[in-house]
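Structural characterization, general
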Amino acid sequence: MLDKEIIRRIPKVELHEHLDGGLRPETIIELARERNVTIPFTDPVELKEWFKRGCIQKSLTLYLETFSVTLSVMQDKEALYRIAKEEILDLAKEHVVYAEIRFAPELHTKKGLNLEEVVTAVLKGLEAGRKETGTEFGLILSAMRNEDPSISLEVAELAVAFSDRGVVGFDLAGDECGHPPKKHIEAFNYIRSKNFNITIHAGEAFGLESIWQAIQLCHADRIGHGTRIVEDMTIENGELVKMGSLALYILDKRIPLEMCLTSNVGTGAVEDYESHPFPMLFKNHFRVFLCSDNRLMSDTNLTKEMTIAVEKYGFSIQDLEKVTINAMKSAFIHHNQKLDIIYNVIKKEYAEIRYEYGL
């Protein structure tokens, strides 16, 4: 079995990480003090435990409640710059070589910033982190499904406008129940008309209809979570014996599924790690890979997610390399950039580690 030091050292690709879900507790405390913002605890250990309670208790309500605290200290340029830079620094500690960070710009305008100022501050922070660590990044702008479709269109236009400055895609996030993606079809049509990239949260808290709409009506290039695709499958004794048309379409078209093990268990999307569909989907050649989702709320990172795959599912270093390459193939950057990272970073470093440890 691979030990955690080997797992920490292998190159990783992170494609589903929320900026407002990955703050350092110490940073929250310092920013809150400077801005006279009230937070639940001013001790880093206690505050970290408070953020984890939703995941531990498998309470989606408690899990989502904590975002009001992180957002409360993310309303000015200086804070956004710092948090974005620290995001890259923290990912680099787990040897993430490429990351796509997502956030909803409109949630950071409560104290006067406009959308362009918000995105610019975050991009500057991410770039500062890249210069210091070498970790490459792309930024994904999220619209919220409960907001008016006119806002999602504005965010889509913003994403395209910043496509030459580090924004690589457009996302739809938020509560799936009662907020189908098709309500935001104008935003998705705009993105497609500009030859840009789409990922949509679907199949996490709602079933197949959410996934179907995301793919067939909104033309998602990737699906965030997608765990409920198992509802279109017949599984006996842990083995896949039959697939419906949607599952087959996702498999055949190589539509990537951004899988978040700890987050899905913590929010109740799945009962436990053992019942998560990730290993079954991987075994049956779906393009799946591992993501952190919200490192703070789920108390996780990609090293921990890969460790779970090793300990719970028996993944080998070859399996982890395949997962990493699946992610890199699915990134929203140009083909030649993907090839460069796959062959000159990922494959090279995996080979070096296998040789070093005799794996």
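Scroll up to find the structure.
Attention in this report is confined to the structure presented alongside it. Every chain is numbered on its own, with residues counted from 1 as its sequence reads. Local features in this predicted model are restricted to residues of pLDDT 70 or higher, and side-chain atom pairs are both shown and tallied only at a pLDDT of 80 or more, whereas totals for entire chains, interfaces and linings draw on every residue. Water and hydrogen atoms were dropped before computing side-chain values, which therefore reflect all heavy atoms in the structure.

**Structural notes on the side chain of Ser 298**
Rule in force here: Numbering of helices and strands starts at the N terminus; helices are DSSP runs of H or I of at least 4 residues and strands are runs of E of at least 2. Buried residues are those whose accessible area, probed at 1.4 Å on protein chains only, stays under 20% of the maximum for their type, while exposed residues exceed 50% and partly exposed ones sit between those limits. Under this definition, polar contacts are N or O atom pairs within 3.5 Å; protein pairs additionally need one hydrogen-donor-capable and one acceptor-capable atom, and for neighbouring residues in sequence, both atoms have to be side-chain atoms.
As for its placement among the helices and strands, Ser 298 is situated in helix α14 (residues 295-298). Of the residues examined, Ser 298 reaches a relative accessible area of 4% and is grouped as buried. At a separation of 2.8 Å, a polar atom in the side chain of Ser 298 contacts the side chain of Tyr 63.

**Describing the packing of aromatic side chains**
What counts is decided by this rule: Each pair of aromatic rings taken from Phe, Tyr and Trp, with Trp reduced to its six-membered ring, is defined by centres within 6.5 Å and is described as stacked if the planes are under 30 degrees apart, edge-to-face if over 60, and tilted in the remaining cases. To sit over a ring, a charge needs its Lys NZ or Arg CZ within 6 Å of the ring centre and within 35 degrees of the ring normal.
Counted according to the given criterion, the structure contains eight aromatic pairs. Ring centres of Tyr 63 and Phe 67 lie 6.3 Å apart, and the angle between their planes is 55°; this geometry places the pair in the tilted category. We note that Tyr 63, like Phe 67, is buried. Pairing Phe 278 with Phe 315 gives two aromatic rings, centres 5.4 Å apart and planes at 35°, and the pair type is tilted. Residue Phe 278 is located in helix α13 (residues 278-283), and its partner Phe 315 is located in the loop between α15 (302-313) and α16 (317-329); the two are separated by 37 residues in the primary sequence. The exposure class of Phe 278 is buried, given its relative accessible area of 0%. Three or more aromatic residues link up through ring pairs in this structure, and these residues are Phe 278, Phe 282, Tyr 313 and Phe 315. Between the NZ or CZ atom of Arg 165 and the centre of the ring of Phe 162, over which it lies, the distance is 4.0 Å. For Arg 222, the ring lying beneath its charged end belongs to Phe 332, and the centroid distance is 3.9 Å.

**Observations concerning the environment of Val 288**
This is how it is decided: Only heavy atoms matter for contacts: two residues are in contact if any of them lie within 4.5 Å across the pair.
Within the fold, Val 288 resides in strand β10 (residues 288-290). On a C-alpha basis, the gap between Val 288 and Ser 330 in space is 9.3 Å, while along the polypeptide they are 42 residues apart. Leave out the neighbours within four places in its chain, and Val 288 touches Leu 257, Met 259, Phe 278, Leu 281, Phe 282, Val 323 and Asn 326.

**Brief notes about the pairing of strand β5 (residues 198-202)**
Definition in use: For two strands to be treated as a pair, DSSP must find no fewer than two bridges joining them. Handedness of a crossover is defined as follows: with both strands directed away from the viewer, a clockwise route from the first strand across the helix to the second makes it right-handed.
Extensive coverage of β5 is indicated by the burial of five of its five residues. Burial along β5 is two-sided: Ile 198, Ile 200 and Ala 202 facing one way and Thr 199 and His 201 facing the other are all buried. Relative to β5, strand β4 (residues 167-173) runs parallel, the two sharing three bridges. In the sheet register, Asp 171 faces β5, and the bridge partner there is Thr 199. On the question of chirality, the crossover connecting β5 to the parallel strand β6 (residues 222-225) by way of helix α10 (residues 208-217) is right-handed.

**Quick word on unusual backbone geometry**
A positive phi angle, close to 55°, is found at Asn 237, a residue other than glycine. Positionally, Asn 237 belongs in the loop between β7 (233-236) and β8 (239-243). Located in the positive-phi region is Asp 293, a residue other than glycine, with phi close to 70°. With respect to the element layout, Asp 293 can be found in the loop between β10 and α14.

**Overview of helix α8 (residues 149-161)**
Note that an α-helix has 3.6 residues per turn; residues three or four places apart therefore point the same way. This is how it is decided: Each residue after the first adds 1.5 Å to the expected span of a helix.
Between the first and last C-alpha of α8 there are 18 Å, a value that for 13 residues agrees with the 18 Å anticipated at 1.5 Å per step. Those residues of α8 that sit buried are Ser 152, Leu 153, Val 155, Ala 156, Leu 158, Ala 159 and Val 160. Buried residues along α8 sit in contact with α7 (115-133), β3 (136-144), β4 and α9 (185-193).

**Considering a positive patch on the surface**
Definition in use: Residues with no salt bridge and a relative accessible area higher than 30% make up the patches, which join like charges within 9 Å and nonpolar side chains (Val, Leu, Ile, Met, Phe, Trp, Tyr) within 5 Å. Where accessible areas are quoted, they stem from the Shrake-Rupley method and a 1.4 Å probe; at the residue level, only the protein chains shown are allowed to cover. Whenever Lys or Arg places a side-chain nitrogen within 4 Å of a carboxyl oxygen from Asp or Glu, that contact is recorded as a salt bridge. Neither His nor the chain termini are counted; the positive set is Lys and Arg, and the negative set is Asp and Glu. A charged residue contributes its charge at one atom only: NZ of Lys, CZ of Arg, CG of Asp or CD of Glu.
Among the surface-exposed residues, Arg 254, Lys 322, Lys 329 and Lys 347 lie close enough to one another that they form a single positively charged patch. Examined against the element boundaries, Lys 347 turns out to sit in helix α17 (residues 335-357).

**Looking at the pattern of salt bridges**
In this structure the tally under the stated criterion is 30 salt bridges. Between Arg 24 and Glu 86 there is a salt bridge, and its shortest N-O distance comes to 3.6 Å. You can see Arg 24 sitting in the loop between β1 (12-18) and α2 (25-35) and its partner Glu 86 sitting in helix α6 (residues 77-93), a full 62 residues away along the chain. Residue Arg 24 is classed as partly exposed on the basis of its relative accessible area, which comes to 23%. With a relative accessible area of 10%, Glu 86 lands in the buried category. With a closest N to O distance of 3.0 Å, Arg 222 and Glu 100 form a salt bridge. Of this pair, Arg 222 sits in strand β6 while Glu 100 sits in strand β2 (residues 96-103), and the two are 122 residues apart along the sequence. What makes Arg 222 buried here is its relative accessible area of 0%. When salt bridges that share partners are traced, they join Arg 24, Glu 30, Arg 82, Glu 86, Asp 90 and Lys 93 into one network.

**Some remarks on the packing of α16 against α17**
If you want to describe how two helices pack, look at the angle between their axes and the distance between the axes. Defined as follows: Axis geometry follows a simple rule: fit a line to the C-alpha atoms, using only the stretch in contact for helices, then measure angles between N-to-C directions, giving values from 0 to 180 degrees. Reported orientations rely on four angle classes, namely roughly parallel under 35 degrees, roughly antiparallel over 145, roughly perpendicular from 65 to 115, and oblique for the rest. Throughout, the ten residues Ala, Val, Leu, Ile, Met, Phe, Trp, Tyr, Cys and Pro are labelled nonpolar, Asp, Glu, Lys and Arg are labelled charged, and all others, Gly among them, are labelled polar.
For the pair α16 and α17, interaxial distance at closest approach is 10 Å and the crossing angle is 170°. Looking at the two axes, α16 sits roughly antiparallel to α17. Listed contacts from α17 to Ile 317, Gln 318, Leu 320, Glu 321, Thr 324, Ile 325, Met 328 and Lys 329 of α16 are Lys 338, Ile 341, Ile 342, Ile 346, Lys 347, Tyr 350, Ile 353 and Arg 354. For the contact of α16 with α17, a count of residues per class yields nine nonpolar, two polar and five charged.

**So, the sheet that holds β10**
A sheet is described by the order of its strands in space; here eight strands give the open sequence β1-β2-β3-β4-β5-β6-β9-β10, paired in parallel fashion. At either end of the open sheet lies a strand with only one pairing partner, and these are β1 and β10. Each neighbouring strand pair of the sheet contributes to a mean axis angle of 25°, computed without reference to strand direction. Sheet analysis places β5 next to β6, joined by four bridges and oriented parallel. Of the residues in β6, the one forming a bridge with Thr 199 is Arg 222.

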